[in-house]
Amino acid sequence: MTRAAALSIDLESYWHAELLRKRIDRRSADDRVLPATLPLLDLLAKRGVRATFFVVGEIIESHPALVQRIVQEGHEIACHSFSHRPLWDLSEAQFDAELARFSEIVGRHLPGVKPRGFRAPTFSLSPTTAWALDVLAQHGYRYDSSIFPLRTPLYGVPNVPPAPYRPAPNLVDSDPTSPIVEWPMTAWRAGPLTIPVCGGFYLRVMPMPLILHGLRQAQKRGPIVIYLHPWELDTDTPRLPLSRGDTFITYHNIGAVMRRRLETLLDNFDFTPLWDVLRAGNYDISG
Ligand SMILES: [Zn+2]
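Residues numbered from 1 in each chain as written. Predicted model: local features only at pLDDT ≥ 70, side-chain atom pairs only at ≥ 80, totals over all residues. Heavy atoms only, no water.

### Notes on the coordination of the zinc ion
For step 1, the next point in the chain: At the metal site, the zinc ion is ligated by Glu12 (OE), His80 (NE2) and His84 (NE2), and these contacts range over 2.0 to 2.1 Å.
For step 2, the next point in the chain: Read in sequence order, the donor residues coordinating the zinc ion give the pattern E-x67-H-x3-H. Highlighted residues: Glu12 in the loop between strand 1 (5–11) and helix 1 (33–47) and His84 in the loop between strand 3 (76–79) and helix 4 (92–109), separated in sequence by 72 residues. Like Glu12, the residue His84 is buried in the burial classification. (Donors = N, O, S within 2.8 Å, 3.2 Å for Na, K, Ca; no water. Helix = DSSP H or I, 4+ residues; strand = E, 2+ residues; numbered from the N terminus. Buried < 20%, exposed > 50% of the residue type's maximum accessible area, 1.4 Å probe, protein only.)

Okay, structure coming up:
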């Protein structure tokens, strides 16, 4: 049984979220990146936990000192695109340009840092956007962690393997010649059910004992990976007028409840960055 567990933070502003991205005027919006992220960094430092930060390039540009602190504290820096546009909104050439721009901003502010991992905004990797894996490999990336293992209205690919693998273009089958390793989000497979116990909205909305049980069950099949956003830990994340359903998805249990849930996860699992798990687990991460 594997006990490996990885913690990932998608470092972006609340306005990068897909439900808000096109509805907000950034020039007049309150920038909450620092108040949302600094307490998280303090918590991880106090617990001696290192994580993978999938960073939006625009955040490196606007908050270089913050990202430099993240590097200094031993966390892994990985790529969450430059502008947080989902893959389904991009051509291959536009995605190539996003990665080039990300690389340029990393070179300017984080000399010596070479990101190896990528997470697509809004889990937008699917069989129709699987061309992105080749582009990632061309830019030197070694792994991707962008598949949500359940179909939702917005995203998701059902029936993917529960542990890191080299994906065929349909993303469900393995192909040892694939240029990159894929690590899907963690789900608890209970009979016919696939229950996402991997973080974000699902961590905010499901009962904590169920999440802990699901994660322990999932650990029997492979290393687990958790994701969350700093804005989910920020009590003062601005509330925008959304439909009732979108309000629930976006704001339910953000702030103190989410913070306590993260602390419970830290009490129960020994988290490391994704790259450390992949390396230690002898996954084939050669480029
Ligand atoms: Zn994101």
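### Let's talk about empty space enclosed by the protein
For step 1, the next point in the chain: If you walk through the whole model with that rule in mind, you get two cavities of 30 Å³ or more.
For step 2, the next point in the chain: Its boundaries defined by the atoms lining it, the largest cavity holds a volume of some 70 Å³.
For step 3, the next point in the chain: Taken together, Pro162, Met185, Thr186, Ala187, Arg189, Ala218, Arg221, Gly222, Pro223 and Ile224 make up the full set of residues lining the largest cavity.
For step 4, the next point in the chain: Counted as a void, the second largest cavity has a volume near 50 Å³.
For step 5, the next point in the chain: Leu11, Glu12, Ser13, Tyr14, Arg32, Val33, Ala36, Thr37, Pro230, Trp231, Asp234 and Thr237 together form the lining of the second largest cavity.
For step 6, the next point in the chain: Here the element with the most residues in the lining of the second largest cavity is helix 1; it accounts for three residues.
For step 7, the next point in the chain: Here the lining of the second largest cavity is composed, by residue class, of six nonpolar, three polar and three charged. (1 Å grid on protein atoms, 1.4 Å probe; cavity = no way out; pocket = protein on both sides within 12 Å on 5 of 7 lines; lining within 4 Å. Points joined across faces, edges and corners; volume = space filled by probe spheres on them. Nonpolar A, V, L, I, M, F, W, Y, C, P; charged D, E, K, R; others polar.)

### So, the nonpolar core
For step 1, the next point in the chain: Counting residues in each nonpolar core, the largest one holds 84 residues, and the members touching the most others are Leu7, Phe53, Phe95, Leu265 and Phe271.
For step 2, the next point in the chain: Setting aside anything within four residues of it in sequence, one finds Phe95 in contact with Leu87, Leu90, Phe118, Trp131, Ala132, Val135 and Leu136. (Core = buried A, V, L, I, M, F, W, Y, C linked by side-chain atoms within 4.5 Å. Contact = heavy atoms within 4.5 Å.)

### Here's the deal with the layout of surface pockets
For step 1, the next point in the chain: Estimates place the volume of the largest pocket at around 550 Å³.
For step 2, the next point in the chain: For the largest pocket, the lining is made up of 27 residues, of which Leu19, Thr122, Leu154, Tyr155 and Ile249 are closest to its centre.
For step 3, the next point in the chain: Of all the secondary structure elements, the ones that give two or more residues to the lining of the largest pocket are helix 6 (200–205) and helix 8 (244–251).
For step 4, the next point in the chain: In terms of residue count, helix 6 provides more of the lining of the largest pocket than any other element does, four residues in total.
For step 5, the next point in the chain: Grouping the constituent residues of the lining of the largest pocket by class yields 13 nonpolar, seven polar and seven charged.

### Considering the environment of Ile70
For step 1, the next point in the chain: For Ile70, the position within the fold is in helix 3 (residues 64–72).
For step 2, the next point in the chain: In this structure, the C-alpha to C-alpha distance between Ile70 and Ser124, residues 54 residues apart in sequence, is 26 Å.
For step 3, the next point in the chain: The contact partners of Ile70, leaving out residues within four places of it in the chain, are Leu11, Leu41, Phe53, His75 and Ile77.

### Here's the deal with the pairing of strand 1
For step 1, the next point in the chain: In terms of burial, strand 1 is a largely internal element, seven of the seven residues being buried.
For step 2, the next point in the chain: Relative to strand 9 (residues 224–228), strand 1 is paired through five bridges, and the arrangement is parallel. Paired with Ala6 across the strands is Val225, a residue of strand 9.
For step 3, the next point in the chain: Considered for its hand, the β-α-β crossover made up of strand 1, helix 1 and strand 2 (residues 52–55) is right-handed. (Pairing = 2+ DSSP bridges. Right-handed = clockwise from strand over helix to strand, strands pointing away.)

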